[in-house]
Structures are given as structure tokens and as C-alpha cells.
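One-letter residues, chain by chain:
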Amino acid sequence: MFGNNNKESFNGTAPTYVGKGMRIEGKIWGMRPIWIDGEVKGTIDIGSEVIIGEPAKIDATIRAPTIKVNGFVEGELYASGKIEIMSKGRVHGNVTNLAGCLIIHDGGIVEGQCSIASEEKMKSLLPQQFPKLLPEKSTTPPKVIKAPENIKDITSKSAEESA
């Protein structure tokens, strides 16, 4: 998960995508990468990579191993790995990550405090586990619903009942 050496590999998988024109308010969390070109207000806790595209407008606290910003972010950034501010990236807020893991490209802007945290401190800043997406398997078998064999029978029965 965050900062663990035995990370899951997501090579070849498409990231979750929040497109331009989409707006999400609340919490976003998960293990797979996410690419955001839309608007997000709240918190973003991801177990892999967060990519903020050029048209994105983010008002959120972001926690992930890797964060790449090429849009606008207002909020705190916490990364157990690399934070990269691309040439069109704008961050208004504090940035916290491990030593030597902050990259600001020509044109990228950070208005806030940049802090270096130890691995121990970073573990306390990042979520250690995520809630389960689905409930545990049920011991009761699913209910079987039989479909009518002939749809004509149903329509004729309902016509007779209404008459």
C-alpha cells in the first residue's frame, strides 16, 4: 500500500478516469491509479498514482505514493514517493514527501510550504488501509427468481384482470 515495498503492480491497467465536465464532492479512495481532468472537492486517498490533468480543478487533500500535477490543486499533498509538478501544474497548499522526491518542472508553481518527512512520519500521515468495497460473502444462497416462460401469457392475464 502506501510506502510498502511489496506494492501491487498495475502495469497495463487503465486508471480510473474523471473526465472534464465531471464534478465529484466527497471522498475518493482506492488502490488503482486515477487520472483527473474534471473537478474534485474533498479528499483523495489512492494506493498507487494520482494524475491531475491540465483542465483539472482540485480542492482536496491528496494522499498517494505518487502524485503528478499538471492542473490546479488547492490543498495539501502527501506522497510516500514522488510528487511531480509539471510545467502547467499549480499547487496552492503545502507539499509533504520524502527527501529528494519533489520535482518541479519549468513553469510549475507551488505556493505553500514544502516539507520533508521521515518514512515513519509519512506512515502516520497516510492511510494504512482502505474500507472494503464489497461486503463479505454471504452464507445464504441468492434468491432465484423464475422468469415467465411466455410473455404473451402475462399480457393476456393482466388484460383479463383489468376487464
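Criteria and thresholds
Residues numbered from 1 in each chain as written. Predicted model: local features only at pLDDT ≥ 70, side-chain atom pairs only at ≥ 80, totals over all residues. Heavy atoms only, no water. Salt bridge = Lys/Arg side-chain N within 4 Å of Asp/Glu carboxyl O. Helix = DSSP H or I, 4+ residues; strand = E, 2+ residues; numbered from the N terminus. Buried < 20%, exposed > 50% of the residue type's maximum accessible area, 1.4 Å probe, protein only. Contact = heavy atoms within 4.5 Å. Pairing = 2+ DSSP bridges. Core = buried A, V, L, I, M, F, W, Y, C linked by side-chain atoms within 4.5 Å. Axes fitted to C-alpha atoms, helices over the stretch in contact; angles between N-to-C directions.

Colleague: Just checking my understanding: could you explain the pattern of salt bridges for this structure?
Modeller: Proximity of charged atoms lets side chains of opposite charge pair with each other. Counted by the stated rule, this structure contains six salt bridges. With a closest N to O distance of 2.9 Å, arginine 23 and glutamate 39 form a salt bridge. A residue pair is termed long-range when its members are at least 10 positions apart, and arginine 23 in strand E2 (residues 23-30) and glutamate 39 in strand E4 (residues 39-46) qualify at 16 residues. Residue classification places arginine 23 among the partly exposed positions, given a relative accessible area of 47%. For glutamate 39, a relative accessible area of 32% corresponds to the partly exposed category. Each of Arg23, Glu25 and Glu39 takes part in one network of salt bridges that share partners.

Colleague: Honestly, the environment of threonine 96 in this entry has me stumped. Any pointers?
Modeller: Following the sequence through the fold, threonine 96 ends up in strand E12 (residues 95-97). Owing to a relative accessible area of 9%, threonine 96 belongs among the buried residues under this scheme. Along the primary structure threonine 96 and glutamate 76 are separated by 20 residues, whereas in three dimensions their C-alpha atoms are 7.9 Å apart. Excluding residues that lie within four positions of it along the chain, threonine 96 makes contacts with Leu77, Tyr78, Ala79, Ile83, Ser115, Ala117, Met122 and Leu125.

Colleague: Which parts of the structure should I look at to understand the environment of aspartate 106?
Modeller: Mapping aspartate 106 onto the fold places it in the loop between strand E13 (102-104) and strand E14 (109-111). Residue aspartate 106 is classed as exposed on the basis of its relative accessible area of 75%. Separated by 18 residues in sequence, aspartate 106 and lysine 88 place their C-alpha atoms 8.7 Å apart.

Colleague: Teacher, can you tell me more about the pairing of strand E5 (residues 49-52) here?
Modeller: In summary, the side chains of a regular strand alternate between the two faces of the sheet. Note that strand E3 (residues 34-36) and E5 share three bridges and pair parallel. Across the sheet, tryptophan 35 pairs through a bridge with isoleucine 51, a residue of E5. Two strands pair when backbone bridges link them, and E5 and strand E7 (residues 66-69) are joined in this way by four bridges, in the parallel orientation. Note that in E7 the partner of glutamate 49 across the bridge is threonine 66.

Colleague: Just to check I follow, could you spell out the nonpolar core for this structure?
Modeller: Soluble, globular proteins show a tendency: their nonpolar side chains are buried together. Judged by nonpolar contacts, the single largest core of 24 residues is most densely connected at Ile36, Ile44, Ile52, Ile58, Ile62 and Leu77. Only E3, E4, E5, strand E6 (57-64), E7, strand E9 (77-79) and strand E10 (83-85) provide two or more residues apiece to this core. Considering each element in turn, this core owes the most residues, four residues, to E6. Setting aside residues no more than four positions away along its own chain, isoleucine 44 makes contact with Ile28, Ile36, Val50, Ile58, Ala60, Thr61, Ile62 and Arg63. In this structure, Tyr78, Ala117, Met122 and Leu126 belong to the second largest nonpolar core, which totals five residues.

Colleague: Looking at this structure, I do not really get the sheet that holds strand E1 (residues 16-18). What am I missing?
Modeller: Sheets are built from strands that pair by backbone hydrogen bonding, the pairs being arranged parallel or antiparallel. Pairing within the open sheet is parallel, and its six strands lie in the order E1-E3-E5-E7-E10-E13. If you trace the sheet from one side to the other, it starts and ends with E1 and E13, each paired once. When the angles between neighbouring strand axes are averaged without regard to direction, this sheet yields 10 degrees.

Colleague: So what exactly am I meant to see when it comes to the pairing of E6 here?
Modeller: Bridge count between E4 and E6: seven bridges; the pairing is parallel. Residue pairing in the sheet places aspartate 45 in a bridge with arginine 63 of E6. Pairing analysis gives three bridges linking E6 to strand E8 (residues 72-74), with the strands arranged parallel. Directly across from isoleucine 58, in E8, lies its bridge partner valine 73.

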